[in-house]
Amino acid sequence: MTPQPGFNRRALIRGGMAATAAGAIGLGAAESASARPFSARSSKARPAAAEPRVYTTAEWGAQAPTEDIVVLDRVPTYIVVHHTADPGNSEDYSLEHAKEIARSIQSAHIARGFGDSGQQFTNSRGGYVLEGRHQSLGVVQGGTQHVQGAHVGDHNSETIGIENEGIYVDVDVPQALWDSLVDLVAWIATQYNRPVADIMGHRDFNSTECPGTVLYGRLQELRDAVAGAMGVAKVSAPAVWPLLRPNAVGPQVRAAQHLLRAKGFSDVGTSGVLDAATQRAVVKLTETHRIEQHTCSATYHSTVDETGYLGSDIWPLITPEVRPGENEDVAAAVETMRRAGARTSAGAFTRSDWKRLLA
C-alpha cells in the first residue's frame, strides 16, 4: 500500500446514521434518446479552469459497454457528487487500486442493467480521476453535449455524476480526494459554463444518504473552492429538501406526518417520530408514483436498506400549492415549522416556499 495522504480534518457529524451509498438508478423512459456523435468544442468564452489528468476507459481496462452510449445534444444542468460506500475506506491510495475500483464499479453496474458504468467520472481516495462511462471524457472536452449516465433516478438527462471512492457518513474524505474533486468539478463547470450553484449531491434528487452526511455537509465548501478555481464569485447555498430517515425525530418529521395525512394517509400519527406507519405511507407513495427506493450500494452490493427514507423525491408529492388554511393538516404542518423557528408566509405556498420552510 502507498502512504496515506493527509486528511482535511473537520468535525464529525454527531448522532447515529445509517451507512448508505450512491444508489445509481437506470435510465428512465422519458430520458431515452438515440446515440449521436459529439460536437467540437464550443468557441463560447468560459472562465479558466485547467483540465485535470483523467485516466481513460482504455487506460483502466474497461470492458466494452453492453448498450449503446447515449450522447445528448445539450449540456447537463447539474454536477452531482456521490460516494461509492462499498467496499469502504481503503488505505490503498495507488493508481492500480483506483483502476481496480473503476473495473469493479463497471462490472457491478453492467450486472444491474446499466450497460456501462453509471457515472461519468470516478475519483479515488488517492486523488486519481478516471473516466467512468465510455465517451464521457471526450464529450466534456467538446463542451456542447452530454453523455447520459445512470446514477440519479429520473434526472440522468440533466446530471453529470462523480463517484468518490469511500463512505463518508461519519468520516471525512482524504485531502488528495478533495483536491482532485475540486479540480475535476471546476473543469467540468468551465467546459459546460455552469454556475457553481449547480453543484449538488445525490440526495438533492433522490431519497438517499449519498454522498454521505460528512461529504454532503461540505458541498458549500466545494462550491466556494470551485468558484475560487474558476475565478468567479461565490454563491449562497441553495435551499434543499431535508432527508428524513426511519426513527428520525423532530418538527420536520411532524410536519411531514401532517402533510401525509393531508394526502389521505389517515393512519399516520403526528408523534414527530418517523415510525413504521409513516414509513409505510412513504413506501406507498413511491409505489404509486413509481419512484425506485434506494438500497446501497449500487456500486457493489446492497448493504443498507434505505426503504422509507423521505427526501427530495418524496417532499414534492406531499407539499401542496395551497393556502395553509385550506386544509387542517396543512395548516398544522406550517404551524409545526413556525414553532420550530421557521419563517412562514401568509399567502399561497409554492414548492419553493415549502422547501425554504422545511430546510
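Residues numbered from 1 in each chain as written. Predicted model: local features only at pLDDT ≥ 70, side-chain atom pairs only at ≥ 80, totals over all residues. Heavy atoms only, no water.

1. A look at the pairing of strand β7 (residues 159-164)
Taking burial as the measure, the six residues of β7 include six buried ones, the bulk of the element. Looking at chain direction, strand β4 (residues 121-123) and β7 are connected through three bridges and run parallel. Following the sheet pairing, N123 is matched in β7 by N164. (Buried < 20%, exposed > 50% of the residue type's maximum accessible area, 1.4 Å probe, protein only. Helix = DSSP H or I, 4+ residues; strand = E, 2+ residues; numbered from the N terminus. Pairing = 2+ DSSP bridges.)

2. Describing the layout of surface pockets
Of the volumes computed, that of the largest pocket is approximately 290 Å³. Together, 16 residues line the largest pocket, and Y78, M200, D204, F205 and K355 are the ones closest to its centre. Partitioned by chemical class, the residues of the lining of the largest pocket number nine nonpolar, two polar and five charged. (1 Å grid on protein atoms, 1.4 Å probe; cavity = no way out; pocket = protein on both sides within 12 Å on 5 of 7 lines; lining within 4 Å. Points joined across faces, edges and corners; volume = space filled by probe spheres on them. Nonpolar A, V, L, I, M, F, W, Y, C, P; charged D, E, K, R; others polar.)

3. Overview of the side chain of T278
Assignment of secondary structure puts T278 in helix α7 (residues 276-288). A distance of 2.7 Å separates the side chain of T278 from the side chain of D275, its partner in a polar contact. Apart from the residues lying within four places of it in its own chain, the contact partners of T278 are Q257, L260, V268 and V273. (Polar contact = N/O pair within 3.5 Å; in protein donor to acceptor, adjacent residues only side chain to side chain. Contact = heavy atoms within 4.5 Å.)

4. Details of the confidence of the model for the protein chain
When pLDDT drops low, the exact placement of atoms in the prediction is not to be read closely. Taken residue by residue, the protein chain gives an average pLDDT of 85. The fraction at 70 or more is 82%. Segment residues 1-46 is flagged for pLDDT under 50; beyond a separation of four residues in sequence, or across chains, it makes 133 contacts in the model. Taken together, the stretch residues 295-302 has pLDDT below 50 and engages in 38 contacts with residues farther than four places along the chain or on a different chain. (pLDDT = per-residue confidence, 0-100.)

5. Here's the deal with the pattern of salt bridges
Scanning all chains against the criterion turns up twelve salt bridges. E209 is the partner of R245 in a salt bridge, and the nearest nitrogen-oxygen pair spans 2.7 Å. Taken together, the residues R245 in the loop between α5 (219-230) and α6 (251-262) and E209 in the loop between β8 (199-201) and α4 (213-216) connect sequence positions 36 residues apart. Comparing R245 with E209, the two get one shared label, buried. In this structure, R338 engages E335 in a salt bridge whose closest nitrogen and oxygen atoms are separated by 2.5 Å. Residue R338 and its partner E335 are located together in helix α9 (residues 328-339), separated by three residues, close to a single helical turn. (Salt bridge = Lys/Arg side-chain N within 4 Å of Asp/Glu carboxyl O.)

6. Quick look at unusual backbone geometry
In this structure, the amide linkage connecting C210 to the following residue, P211, adopts the cis form with an omega of 10°. Its place among the elements puts P211 in the loop between β8 and α4. For D154, which is not a glycine, the phi torsion comes out positive at approximately 65°. Of note, D154 is situated in the loop between β6 (146-147) and β7.

7. Focus on the pairing of strand β3 (residues 78-83)
Here β3 lies mainly inside the structure; five of its six residues are buried. Examined bridge by bridge, β3 and β8 share three bridges and lie parallel to one another. Counterpart to V81 in the pairing with β8 is G201.

8. Describing the nonpolar core
In terms of nonpolar packing, the biggest core is built from 36 residues, with F121, I162, I188, L222 and V226 touching the most fellow members. Taken together, the elements giving at least two residues each to this core come down to β3, α2 (136-142), β7, α3 (175-192), α4 and α5. When residues no more than four places from it in sequence are discounted, the contact partners of I188 are I79, F121, V140, I160 and I162. Counting residues in hydrophobic clusters, the runner-up holds 28 residues, among them A256, V268, V282 and L357. (Core = buried A, V, L, I, M, F, W, Y, C linked by side-chain atoms within 4.5 Å.)

9. A word on α5
Its twelve residues give α5 an end-to-end C-alpha distance of 16 Å, which sits within 8% of 16 Å, the value for a rise of 1.5 Å per residue. Listed as buried for α5 are L219, L222, R223, V226, A227 and M230. Down the axis of α5, the sector holding all buried residues measures 135°, keeping them to one side. Looking at the buried residues of α5, the elements they touch are β3, α3, β8 and α4. Looking one or two places after α5, you find G231, whose phi comes out positive at around 75°. (Expected span 1.5 Å × (residues − 1). Arc of directions from axis to C-beta.)

10. Concerning the sheet that holds β4
Taken in spatial order, the six strands line up as β1-β5-β4-β7-β3-β8 in an open sheet, and their pairing is mixed. Either end of the sheet is taken by a strand with one partner, and the two such strands are β1 (54-55) and β8. Lying over the sheet, α5 contacts β3 and β8, oriented at roughly 160° with respect to β8. (Axes fitted to C-alpha atoms, helices over the stretch in contact; angles between N-to-C directions.)

11. Side note on the packing of aromatic side chains
With the rule as written, the count across this model stands at four aromatic pairs. Measuring from centroid to centroid gives 6.1 Å for W241 and W315, while their planes differ by 10°, and the two rings are stacked. Of this pair, W241 sits in the loop between α5 and α6 while W315 sits in helix α8 (residues 315-318), and the two are 74 residues apart along the sequence. The exposure class assigned to W315 is buried, which follows from its relative accessible area of 0%. Above the ring of Y55, the side-chain terminus of R53 is found at 3.9 Å from the ring centroid. Over the ring of W178 we find R218, and its NZ or CZ is 3.8 Å from the ring centre. (Phe/Tyr/Trp six-rings, centres within 6.5 Å; stacked < 30°, edge-to-face > 60°. Lys NZ or Arg CZ within 6 Å of the ring centre and 35° of its normal.)

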